Amino acid sequence: MGCLASKKAKHVDDVSGTEEADKPTAEAPDEKAGQAGGDSGGFGTPAECAKLIDEIVERVSGIRGKAEEYRDDLQSQVIQIEQEKSAETGADGKVNVNGVVLQTYIPDGQVDGTALLEGHEGDRLEIIVRDAGGWAYCRAEGSAATGWIPSSRVAEIARVIADHEANGAEGLLSSAQGDMVEVVNRHYSGWAYCREWKGPPLPGAPPAKEGWVTDAYLEDRRSEAMLASKWHRLVLQALDQVVSSSRELESVLAQAKSSDWGGDLSMEWMGQCLEFTRWLTTELQSITQAVSQHEQAVCVSGSYAIVQWDVTPGGSTEMAVSVGDRVLVVDAENPDWAWCRKADDSALEGWVPRNVLTVEDSGERPDEDDQQGLSLEDLPPWVKEGVACKWWSQSGSRFCDVYITRVDQEQREVKVVFAVDKNCWKCVTFDHFAQDPQDWLLQPQEDKAMELRAQLPAWVENGGGASWYSSSQRRCHPVTIREVCTRRRAVFVVFDVDRKVRKQVPFHELIDDPDACMLQRSEKDHAWRMKAKEKKSKRHADAPLIDGLPGGDDGEGLDALIQDDDDGDDAASEGSL
């Protein structure tokens, strides 16, 4: 059976809070233990030991090679996902605080060229990502400085967004909506190991309750780009663990063989090595299976799934399900939740955490006659190819301008691309519009905004070139139209000489008095301003020069070039994309 998200890992039931709780360990053999013929039982002749060690090393080396190959491929995907999402949402540099420094850390410069971050007890920061080596990449509040800090020195804090009931299941943590928990680690299966958070632990205080929580029930305040690659990074972390553990075992085996312990190797020690190898094999299989299932998860809308864990709804839009329930997956667009309908009662539907669902391999789908989903004729009248709409970004909590590029009747889905980057796209099923309109991710533009958009000059298009006139500097600068935003009714531009510098122009300035607007199609459209500048220069030809006055022709910096006018002549103000 294929999963929307991998089944709960074996160590979800018995882990003690660390990622390696269920991992066997392999250590170098004790030279004084395991003598041939002793109580521990010698393994055999040196030749037999060497042969078995070579076989284990060959197997472990193969596991490490595959893990490194998968890791490199996945790393490329992560980079692509984050770049596309950053282009879609824009980088605002905001620090999304989700953690605190537990113990002061003052690094000595850099480690192998890697930037380290200084943190003092009680400092607030954003924990962006953790790695398998025990480090966390963070961004400090206030300074926005970034760097690595030991994971043991920081705590990631999250708010529980819905009641999470353990229902007597061993290893799970019960928590109520609004509770704060420390996220000890996350697993790619969709679970997070957490402990109750009442503040930094005090000496002598009783240990806080801890256990596994469905990750979908935790608020994650990181940037939209990091949320988009969240699952992939968790898989990367698991692959890193397999690679490092394989190298660890290879090193131990090489040491045993080179030291010519021979008959000193005990059956017990060799068994530990074999157990460690089996763990590596199982873990890699689990990871590859999860990757395969994740790739299929985007296409599961319209498939049946079986519920693996009891779920108590935490809100009016969530659906209560029990182990063994059969549901129809209506909408699987959300990375953490799926909109489902009870197979035996089509009147019951709602959101269900994805990681408690296992999709049936049978591929059975509802008969067209029995399916009560929406048809093409049932869609809102504005859902047509080429129509400009807006998409609600759940992680960014804002609308983004999009265009409908495909309304697929066969697949029963609507595809949109983002106005700021046509390489970024989203899909929703027809049945998505069966929800309350206020819950739609895809929304129509307001009539007034669309009316104004249609009145803009034809050259005002995303990605087009234009010319900006700075009245303070009395000169033109080439710019690129970054976005024509109907939601904010403004045109955003970036300066070609420095794309970090941005300006915005309200729609009405381009519509009501286009010739006077600071944004024009080309420099020649500012000709009347340049003539006025020349006349003004002649009137002041005999005026004395004031040394140090900013804005002179010599040594003029970009910051001075694009600064706003003190007298307000630049009608458009600098704005965030």
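Every value quoted in this text rests on a predicted model; they were computed, and no experiment measured them.

Time to look at the overall build of the chain. The number of helices and strands found in the chain is 8 helices and 24 strands. The proportion of buried residues among the 577 residues of the chain is 45%. The long-range share in the chain, meaning contacts at least 24 apart out of those at least 6 apart in sequence, stands at 60%. As displayed, the chain offers around 29,500 Å² of accessible surface, 47% of which is attributable to carbon and sulfur atoms.

One open sheet accounts for 8 strands, arranged E5-E4-E3-E2-E6-E7-E8-E9; its pairing is antiparallel. Two strands bound the open sheet, and with one partner strand each, they are strand E5 (146-150) and strand E9 (210-214). Averaged over all pairs of adjacent strands, the angle between their axes in this sheet comes to 45°, without regard to strand direction. Across 3 bridges, strand E2 (residues 99-101) lies against strand E6 (residues 154-159) in antiparallel orientation. In the strand pairing of E6, Val 100 is matched with Ala 155.

By secondary structure assignment, the location of Trp 337 is in strand E12 (residues 337-342). In the structure, Trp 337 is positioned 16 residues away from Pro 353 in sequence and 4.5 Å away in space, judged by C-alpha atoms. Non-local contacts of Trp 337, meaning those with residues more than four positions away in its chain, are made with Ala 216, Tyr 217, Glu 318, Asp 331, Trp 351, Val 352, Pro 353 and Arg 354.

Right, let's get into a negative patch on the surface. On the surface, Asp 512, Asp 513, Asp 515 and Asp 525 cluster together to form a negatively charged patch. With respect to the secondary-structure elements, Asp 513 resides in the loop between helix H6 (507-512) and strand E24 (519-520). Residue class for Asp 513 comes out partly exposed when judged on its relative accessible area of 43%.

Across the chain, pLDDT averages 77, with 75% of residues at or above 70. Note on residues 1-22: pLDDT under 50 across the span, and 61 contacts to partners over four residues away in sequence or across chains. Per-residue pLDDT stays below 50 along residues 543-577; that stretch engages in 50 contacts with residues further than four places along the chain or on separate chains.

Another aspect to go through is the pattern of salt bridges. Scanning the model with the defined rule gives 22 salt bridges in all. One salt bridge connects Glu 210 with Arg 195, and the closest N-O pair in it is separated by 3.1 Å. Remark: Arg 195 occurs in strand E8 (residues 191-196) and Glu 210 occurs in strand E9; sequence separation between them is 15 residues. Across the pair Asp 215 and Lys 230 runs a salt bridge whose closest N-O atoms are separated by 3.0 Å. Of this pair, Asp 215 sits in the loop between E9 and helix H2 (224-228) while Lys 230 sits in helix H3 (residues 230-258), placing them 15 residues apart in sequence. Salt bridges sharing partners connect three or more residues here, namely Arg 130, Glu 156, Arg 186, Asp 215, Asp 220, Arg 222 and Lys 230.

What counts, and at which threshold
- Residues numbered from 1 in each chain as written.
- Predicted model: local features only at pLDDT ≥ 70, side-chain atom pairs only at ≥ 80, totals over all residues.
- Heavy atoms only, no water.
- Helix = DSSP H or I, 4+ residues; strand = E, 2+ residues; numbered from the N terminus.
- Buried < 20%, exposed > 50% of the residue type's maximum accessible area, 1.4 Å probe, protein only.
- Contact = heavy atoms within 4.5 Å.
- Areas by Shrake-Rupley, 256 points an atom, 1.4 Å probe, with all protein chains shown as cover.
- Pairing = 2+ DSSP bridges.
- Axes fitted to C-alpha atoms, helices over the stretch in contact; angles between N-to-C directions.
- Patch = residues over 30% accessible without salt bridge, like charges linked within 9 Å, V, L, I, M, F, W, Y side chains within 5 Å.
- Salt bridge = Lys/Arg side-chain N within 4 Å of Asp/Glu carboxyl O.
- Lys, Arg positive; Asp, Glu negative; His and termini not counted.
- Charge placed at Lys NZ, Arg CZ, Asp CG, Glu CD.
- pLDDT = per-residue confidence, 0-100.

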